[in-house]
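# Analysis of the macromolecular model
Take a look at the letters that make up each chain.
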Amino acid sequence: MDYLWSRLTRKPLHSQNGDVEELPRKLSSASTYVLPKRRIYVNMELPVSELNTSDKPRMNFVTNKIRTAKYTIFNFLPKNLFEQFRKVANLYFLFLVLLQSIPAVGGGVTPLVSAAPLASIMSFTALKDAFEDWKRRQQDNSLNRSITLRLTEWNNVNLTGASRNRPKFFRRQFNRIMGVWGFPSKKKIIDSGKTVAQQDALDYNSQSNRGSSVGSPIYQRVEHSQTSLKSHPDIPTIIINQSQVDSTAKWSNSRWQDLRVGDLVKLKNNESVPADIIILSTSEPDGLCYVETKNLDGETNLKVRHAVSATSYLVTEQDCELVTFYVESEPPHPNLYSYTGALHFTGRTNGIINNPPPNTTTITFDNNGQSEIESPQQNQRTNPTTEGIHKIEPISINDVLLRGCLLRNTEWIIGLVAFTGTDTKIMLNSGDTPSKRSRIEIETNFHVTMNFIILFCLCLGSSIADAIYYVQPTSSADFFEFDDGNNGKYSAAKSAFITFWVCLIIFQNIVPISLYITIEMVKTVQAYFIHSDLDMYYEKLDYPCTPKTWNISDDLGQIEYIFSDKTGTLTQNVMEFRKCTINGIAYGIGETDTTRGSKMQQQLDSGSPIQDDQELNVEIEREKQLMLEEMGKLFDNRYISPNLTFIDSKLFKDLKLQNQQSRAIQDFFSALALCHTVLAERPDPNNSFLIDYKAQSPDEAALVGAARDVGFVFVDRFQDKLVIEVMGEKKEFTLLNVLEFNSTRKRMSVLVRQPEGGVILLCKGADSVIYERLEKGRQTELKEETLAHLEAFANEGLRTLCIAYRTISEEEFTTWSEQYAEAASSINDREEKIEQACDLIEHSFILMGGTAIEDRLQEGVPECIATLAQAGIKLWVLTGDKIETAINIGFACNLLQKDMQLIIVSATDKLSTDRQLKEALNKFFGSDVEKTSGKHALIIDGETLKYALDKSLKDSLLQLGKQCQSVVCCRVSPLQKAKVVEMVKNGLNVMTLSIGDGANDVSMIQEANIGIGIAGEEGRQAVMASDYAFAQFRYLTKLLLVHGRWSYIRVAEMITCFFYKNIVWTIAMFWFQIYAGFTAQYLYDYTFILLYNLVFTAFPVMYLGAFDQDVDAKTSLKNPALYKRGILQQDFKNSKFWLYVLDAIYQSAVCFFVPYGLMQSGQSHANGLENNSLQDLGTLVAGSVIATTNLYVGLNTLNWTWLAFVVIGLSILSFYAWAALYSIIASVGFFRVDQILYSEFDFWLAISLSVVVSILPRFTVKYLHKTYWPTDTDIVREQVRIAKKSSSRKRSRSVKEEDQVPIALRKLDGITDTSGVSTSRHDRSDSDASLGVTPVTLTTPTVPSKKERSIKQISRILSGKDRTASIRSEEQMFFMGSGKRQSFTGFAFSGEESGFESFRQSVYRPVQNRIELNRTQSLADPTSRSSRFLASLSIGRSRTLPSSLFRRRVGDPSSSQTSPSHSNNPSGISESEGGNGNSRRPGNTLGVSETDDSEDVELSIMSKSSS
């Protein structure tokens, strides 16, 4: 019995010694729980087992305060210092500061002066980091200080000491200390008989009123009595209120950060959910509420959630204060789609919950502790006054609101806080804000280390040489060396030791301290340029590209893998109803994103110019107007939307015929208006006909919106009543039940009672699921025709669904309702039992047709993805959508292409995953497979990915994904997204970028090297955690290919040049040590050393890092392959660094020995001054080095503008200006050096000769390299240069030719008219001939009149044959799980069940000439059109639904007006066939009367038309 009770309550058993014994249980597929389960008590005293030794709750729950900022006031200094000292150079400079504080080495320099440069640079960096983190903290505070309604003046017994407010906690402890010393405390005395935990809870709840209520009434505790359940001491006693005292509980405004587990909150419409809460009650009579999850999954569609039945009556504060129950909850975990819990309550008459809800299980305990479990049906007959009854109601994810969601279309809900702060699912899917460092910054540590080695060699060599000089017997050291302080001479060892450390100081500039501050300044300028780029500014949201992390801009130029969300990132998440097939006839015209992309690719492949869609848009607009005219002849649609997405006048021409097709159309769109869970909103109170639909999915809203636009309007929903308007006539249906959609069912059904009586089951879902549930042996040809249409729709990138129905008898419905209620109330395996109950009624369907919806891409997404692919960047799409949807979007956005082989890996366990991954590697990338076997794309779902990310399988997944051109991961959780990014980033050692728009993308944004947030209209959670943020995915092209590439080239060249110029400066001083006896003597004046990196050479490298560019932005976008240099890291290689070091050593020798050789003789001036002093030599060498290094940086500059000349020229002149100025103000040693040196020819000769000899080798190498071994960048730069030179000539030549050509012979838009004879717009005569369409001819470039309207162009582009050939290839998809191949058919492959696949193969035969989805003849030629539709029209059935179900009865006047002759009938049906009751198609052998409602006849499609 203990085991049974533990199974029902999910409570661990306790052994005799008190230890917890966990029972085995089935874990969620999302994660393995490591935290203990929690119990949350409401108005119940905690049992002894829930208290610790201090009488406080043993469960310590986290607060609801969140923090995405990296720093706090307490950890900023140590954490920031740690971040900065991760740079090796900063450690080196810190060591030098400590070294200079030693008097024997530092030369008398005070530690404060020596530490000033390092302190200033680190302070600047710290301020920058603090500013960036302060912006994050502001966003955190705005969220933590948001206001919600919380029940105050009420006892939350779940609080512990750790849950209290810190100020109140310290105040309470102070009062207690004062009480110990005998001082009276202002705090009330703890009530006798109460535990500390209870008193703390009372204090927290009674004093946290934040101002919404006036006054602070004294909290009056409601006395409770308790009766323990015998034999179960650990089961909390159900507390029942005995006295009805005046309630003091009230709703008060409270900040989000003050919420605690166990609090009761009240949310109102359009408010955000502050924590993960269990819904106790709602304002809706049926306990429903609607929530928007855009911050979780990026979708704006509404989700339906339910209140727990046992507490659905809660309305007032008094109800909340008197109710007694507890919730047993699973521990927190990151799975957004799973939650398991149970609500425990009693059914006593003196309690609040008297009558148990229908979905509960009752457990009765007798006096001996024996239990009896009652089913829900028995529970309904249980005496509510029975003592000891314990009831349980299961809680699922549908009863929970997650933090970050928005409450919609619901006046209010009351909920119980279950998880707070970091325990909420949204925070568990978000990692800590990482400290990101750019790759160049990390690799710079290697170069710094190499400079340390060079520095060590210089110091060691100098110290050894100093010791050698020291031991020479005739050395001057005998006369000039001081003693060591002990009346003794220095030894050679001591002298060498001191020389080593002194040289370490004088050569310290070989690792410049200004390097990092220069990098920070340059990257700040680059961030400003990115922010100021108008091409990445989105005017609609007034949002520019916003850099949030400035120090990683160079990483933007090295990205090899991009990980992108789909919904809201690639797509607009706006669904548009485009086409449909009804009773075997396809309706709808127009282009999709996929067909436009395919057409563009075909034009590019053929080399023909890309044609605009202006003519096509004009024709579609004319078709739209014609459709509205035909609709107006039938009825007045007052609800029609101004933005029509479904356009086809043929629909209304068929609708007015009053034949079987007309009735099929009415049934089809009436089903769309009823089979949904949509809410109808009226945003404009002054316009009752303006309806805005809010749905659980945008697909559903698109279907209902399309039905509204064609005259089948869902008007409103009143509890269980659905009101629709069918062609102007209102009807009211009773909603009996909704069988909701999920990823397993792949379908959604509703049971409705029609106004005239009778139950109808309407179902929509994936074609694989619907087809296997159709009635056997019927509608054979209709199934074939519909399946062919759906395949063609899917090949256009449309999302397809099937619509079907079934008539249910009252007896069957009653029996099934009982079975379904029993399954819904089950505690164990409830989902499986509900699915089994649904299968009992969802069968024997009658097929009505199918729909095709387009998920519109964001503007420029296909072009952006194609450009990024040309740049060598691979794109992985990580989405929560199902496989079919992701593949459709993949084809639409150029991620998946027609020549790709799709490898689909879908498994249910680890062994199957391992097998499929290895089979895929061997089959497509094995040693025996040709390397040129084609392109591949990997498709994998979240369940399989869970096993594939295991350590033992990760390598196989990585190898398979690396060899595929594209990867799509479907149904993945936010944590899985981060793990995939981590796997690729660390496994391949590549640069990664993640981009998303929702809170579910935060984890992968933080994991990647670069995280980009889309600042769309669906929340800003991703923006808050990102490194860069902009509003449109297409901006990624310019951010990477232009700004990223520029930043990488600039920073790489700047850092290399920085090391170069400092090595030249330092090594020149080392050459001087040869002539100074290696005594660590300064060559340069100390002011030169200070100003070298600060003024003399700072600005040229800074200009190089901030403004240089190899090609302009337009050329970069035209040549995306230039980006590959960054991926291959060709501009920042170790070999390049060593070449610059060798060049620097050579130039330092030239800059020292040439001036030294010219200064050997020395000269005397008339004023008595000489030019052979140390200051003269140091000035000459310094002038040579500064001029050489600045010109060398200029030689490496690719973009010479006037600013480059100014910066380099002023930097060189600044040295000579300072030397002249300093010689005037200096009184010792450097007096009037300007008069000595500047007036001598040898001075300028030495400098000029040093510069020429130093730079000439570098110039020669660059010339030979660009001439004979040019890079791609060199070739493009040469092309641009030539194009600029010839552009002016071409313009002048074209102007002259235009002046000479007669106006009559000029072409206008491809039309040449010289004699008034009409000519074709297209030169290729065979472009339309293969389709049997006569090319369009125009005599003038004017648009044809309405009578001459034609959509031949539309037909040519959208013909079924053309689509299939251009979008898919034969056997394009390969399922690794079953080893089957099949072509891409949109939703048709969603099941991959063998039964459906065999059926599909048996019924599907490619239909070419017989089935065409769009009209290829002119609408002005109804005769030719009727012959086409005659072959594809479906007539052979008596009815689709009962005639009284949906259809509007059309009177005789309309009938007589809409019965044209045969020649004017677009459907090819004679007047007699359309008007009488024996509507029959020629060749129909069934000959069934449509008025015979007693006979249910199969839908039939004629395979051949009769002449």
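No experiment lies behind these values; they were computed from the predicted model shown.

### Some words on the environment of glutamine 858
- Inspection of the secondary structure assignment puts glutamine 858 in the loop between strand E32 (846–857) and helix H25 (861–870).
- Note on glutamine 858: relative accessible area 7%, which makes it buried.
- Along the backbone, glutamine 858 and arginine 1034 are 176 residues apart, and their C-alpha atoms lie at a distance of 8.0 Å.
- Residues in contact with glutamine 858, not counting those within four places in the same chain, are Gly568, Thr569, Leu570, Thr571, Gln572, Gln1032 and Phe1033.

### Notes on helix H23 (residues 810–824)
- Counted at 1.5 Å a residue, the expected span for H23 with its 15 residues is 21 Å, and the 21 Å between its end C-alpha atoms agrees.
- Regarding H23, the residues found buried are Phe813, Trp816, Tyr820, Ala823 and Ala824. Relative to the axis of H23, the buried residues are bounded by an arc of 85° and lie together on one face. Of the exposed residues in H23, the ones pointing more than 90 degrees away from its buried face are Glu811 and Glu818.

### A short note on helix H33 (residues 1035–1075)
- With 41 residues, H33 extends 60 Å between its outermost C-alpha atoms, agreeing within 8% with the 60 Å of an ideal straight helix rising 1.5 Å per residue.
- Where H33 bends most, at glycine 1044, the angle is about 30°.
- Among the 41 residues of H33, 39 are classified as buried, and the element is accordingly described as predominantly covered.
- At the C-terminal side of H33, glycine 1077 shows a positive phi close to 65°.

### Some remarks on the confidence of the model for the protein
- Here the protein averages 74 in pLDDT, while 69% of its residues score no lower than 70.
- Predicted confidence for residues 1298–1370 stays below pLDDT 50, and this span has 101 contacts to residues more than four positions away or in other chains.
- Here residues 1385–1397 scores under 50 on pLDDT; set against residues more than four positions off or in separate chains, the count is 41 contacts.

### Remarks on the nonpolar core
- Membership of the largest hydrophobic core comes to 92 residues, with the highest contact counts inside it found for Phe507, Ile1055, Trp1065, Tyr1084 and Val1185.
- No other element matches the 19 residues that H33 contributes to this core.
- The contact partners of tryptophan 1065, leaving out residues within four places of it in the chain, are Asn509, Tyr1084, Phe1088, Ile1089, Tyr1092, Ala1182, Val1185 and Ile1186.
- Formed by 60 residues, the second largest nonpolar core is a distinct cluster that contains Met627, Ala680, Ile691 and Tyr805.

### Details of the pairing of E32
- A large share of E32 lies buried, amounting to twelve of its twelve residues.
- Where strand E22 (residues 571–582) lies against E32, eight bridges are found, and the strand directions are antiparallel. Its bridge partner being in E32, cysteine 580 is matched across the sheet by threonine 851.
- Of the strand pairs in this sheet, strand E31 (residues 799–808) and E32 are connected by seven bridges, and their pairing is antiparallel. Looking at the pairing, cysteine 802 lines up with glycine 850 of E32.

### Focus: the sheet that holds strand E8 (residues 264–268)
- Pairing is antiparallel in the open sheet, where six strands are placed in the order E7-E4-E8-E19-E9-E17. The sheet is open, and its two borders are formed by strand E7 (250–255) and strand E17 (400–401), each paired with just one other strand.
- As judged from the two bridges shared by strand E9 (residues 276–282) and E17, these two strands associate in the antiparallel manner. Bridged to isoleucine 278 within E17 is valine 400.

### Describing unusual backbone geometry
- Of note in this structure, arginine 971 is not a glycine but carries a positive phi near 55°.
- Residue position: arginine 971 is located in the loop between strand E36 (966–970) and helix H30 (974–988).
- One non-glycine residue, glutamine 1129, adopts positive backbone phi at about 55°.
- Relative to the helices and strands, glutamine 1129 resides in the loop between helix H37 (1124–1127) and helix H38 (1134–1158).

Scoring rules and cut-offs
- Residues numbered from 1 in each chain as written.
- Predicted model: local features only at pLDDT ≥ 70, side-chain atom pairs only at ≥ 80, totals over all residues.
- Heavy atoms only, no water.
- Helix = DSSP H or I, 4+ residues; strand = E, 2+ residues; numbered from the N terminus.
- Buried < 20%, exposed > 50% of the residue type's maximum accessible area, 1.4 Å probe, protein only.
- Contact = heavy atoms within 4.5 Å.
- Expected span 1.5 Å × (residues − 1).
- Arc of directions from axis to C-beta.
- Bend = angle between axes of the 7 residues up to and from the residue.
- pLDDT = per-residue confidence, 0-100.
- Core = buried A, V, L, I, M, F, W, Y, C linked by side-chain atoms within 4.5 Å.
- Pairing = 2+ DSSP bridges.

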